Amino acid sequence: MSIPGPRYDTPFNIARLSHATLYVRDLDASRRFYVDMLGLLVTHETADAIHLRAIEERNHHSLVLVRSDRSAVGHLGYKVHAEADLDRLESFLSGEGLTTSWADVPFQERTLRSVDPQGIPIEFYHRMERLPSMLQRYGDHRGGKLQRIDHFNCFTNDLQGSVEFYHRMGFRTTEYTVRDGTDVLLSAWLQRRGSVHDLAFALGVGPRLHHLAFWVANPLSIIDLLDLMATTGYQANIERGPGRHGISNAFFLYIRDPDGHRVEIYNADYSAIDHDHEPLCWQFGDPLRSCLWGPAAPRSWVEEGSPFIGQEPSAPLVFADHTGSVAA
Ligand SMILES: [Fe+2]
């Protein structure tokens, strides 16, 4: 396939990715991981749910942990520029043959929910409760000092369908991987806000979340986090890295939370805001693609992901021997 061209004429305007919900089996253990160790800030807490934000975020939450008897992922959230965008998105999604509903979500005003064509639950909102910036309250920064949510990365069993659907919503591809010497697409990175990506996809058993990522100020923050994890009982939660992806140029670390949900700690990508940014094509066999420095990804990182709630993953429509194709 070829990558669709950029669209700037959508009748609605998605600003960026915003937040995710994770269903967790031991809320106390998840709190220790995300708050005590990674340093996310608690903005609301009940016996059954914890709302969290990172230190530069003025939105009320970028991650919601919900107590559950099953580990899973809820809706992936996106922010739109204007309230009227929500109504125009509802028309668009209905025109795509997708079901939509209006949800009453705490700390968010009108929230539109749907499920994308490949089975990923998504939601859109315009206004979320706003909070004072914590960026320069350095005395309150803890643990991993996560600064902001950066992207989602998902397995999809229909990569072409996923890329074309999100392009119809105005997302633009920055980089992609093909099977060597062919135009068979194996993974793609798509953005709305001028970064390398808000959202990435890899062809595989899907839909599943491969990881969600938080941005940190510099690579040394990742080294400090590794020392912290190694000496506070989280060494076994370190899965891959640190390293540098060829794709995106990111300095990365992948860790697993107590439920096995994967979190990437991410830094050092580049700006892709130009309207004429040409998508960069990688051959799958390029040794620089997944890790510039060489070490292969562990099997768990290649194969494992978190299911979305209410969605049963299934094998790709097109066979893909894509070991290591997901990245960044
Ligand atoms: Fe990533």
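About the criteria used
Residues numbered from 1 in each chain as written. Predicted model: local features only at pLDDT ≥ 70, side-chain atom pairs only at ≥ 80, totals over all residues. Heavy atoms only, no water. Phe/Tyr/Trp six-rings, centres within 6.5 Å; stacked < 30°, edge-to-face > 60°. Helix = DSSP H or I, 4+ residues; strand = E, 2+ residues; numbered from the N terminus. Buried < 20%, exposed > 50% of the residue type's maximum accessible area, 1.4 Å probe, protein only. Lys NZ or Arg CZ within 6 Å of the ring centre and 35° of its normal. Domains from an automatic or database assignment. Buried area = accessible area lost by both parts, 1.4 Å probe. Salt bridge = Lys/Arg side-chain N within 4 Å of Asp/Glu carboxyl O. Polar contact = N/O pair within 3.5 Å; in protein donor to acceptor, adjacent residues only side chain to side chain. Nonpolar A, V, L, I, M, F, W, Y, C, P; charged D, E, K, R; others polar.

This next bit is on the packing of aromatic side chains. Tallying each qualifying case throughout the model produces 13 aromatic pairs. Each ring, one from Tyr78 and one from Phe171, has its centre 5.9 Å from the other, and the planes form 85°; the classification is edge-to-face. Here Tyr78 is found in strand β5 (residues 72-80), whereas its partner Phe171 is found in the loop between α3 (159-168) and β10 (172-178), with 93 residues between them in sequence. Of the two residues, Tyr78 and Phe171, both sit in the buried class. A centroid spacing of 5.1 Å and a plane angle of 75° characterise the contact between Tyr254 and Trp301, whose relative ring orientation is edge-to-face. Of this pair, Tyr254 sits in strand β15 (residues 251-256) while Trp301 sits in helix α5 (residues 299-303), and the two are 47 residues apart along the sequence. Taken individually, Tyr254 and Trp301 each receive the classification buried, so the pair is uniform in this respect. A network of ring pairs unites the aromatic residues Phe12, Tyr78, Phe92, Phe124, Phe152, Phe165, Tyr166, Phe171 and Phe201 as a single cluster. Note that Arg110 overlies the ring of Trp102, its terminal NZ or CZ placed 4.4 Å from the centroid. Residue placement shows Arg148 over the ring face of Trp215; its charged tip is 3.9 Å from the ring centre.

You can read the domains of the protein as domain 1 (14-132) and domain 2 (143-307). The gap between the C-alpha centroids of domain 1 and domain 2 is 20 Å. For the domain 1 and domain 2 pair, buried surface summed over both sides reaches about 3,600 Å², with 67% attributable to carbon and sulfur atoms. It is Leu17, Met37 and Gln118 that lose the most area in domain 1 upon contact with domain 2, and together they represent 20% of the buried surface on that side. The interface formed by domain 1 and domain 2 contains three salt bridges. Arg168 is the partner of Glu96 in a salt bridge, and the nearest nitrogen-oxygen pair spans 2.9 Å. Viewed at the interface, domain 2 and domain 1 are joined by 18 residue pairs in polar contact (both at pLDDT 80 or more). Per-element accounting of the side of domain 1 that touches domain 2 gives the leading share, ten residues, to strand β1 (residues 14-24). Considering only residue class, the side of domain 1 that touches domain 2 consists of 28 nonpolar, nine polar and nine charged.

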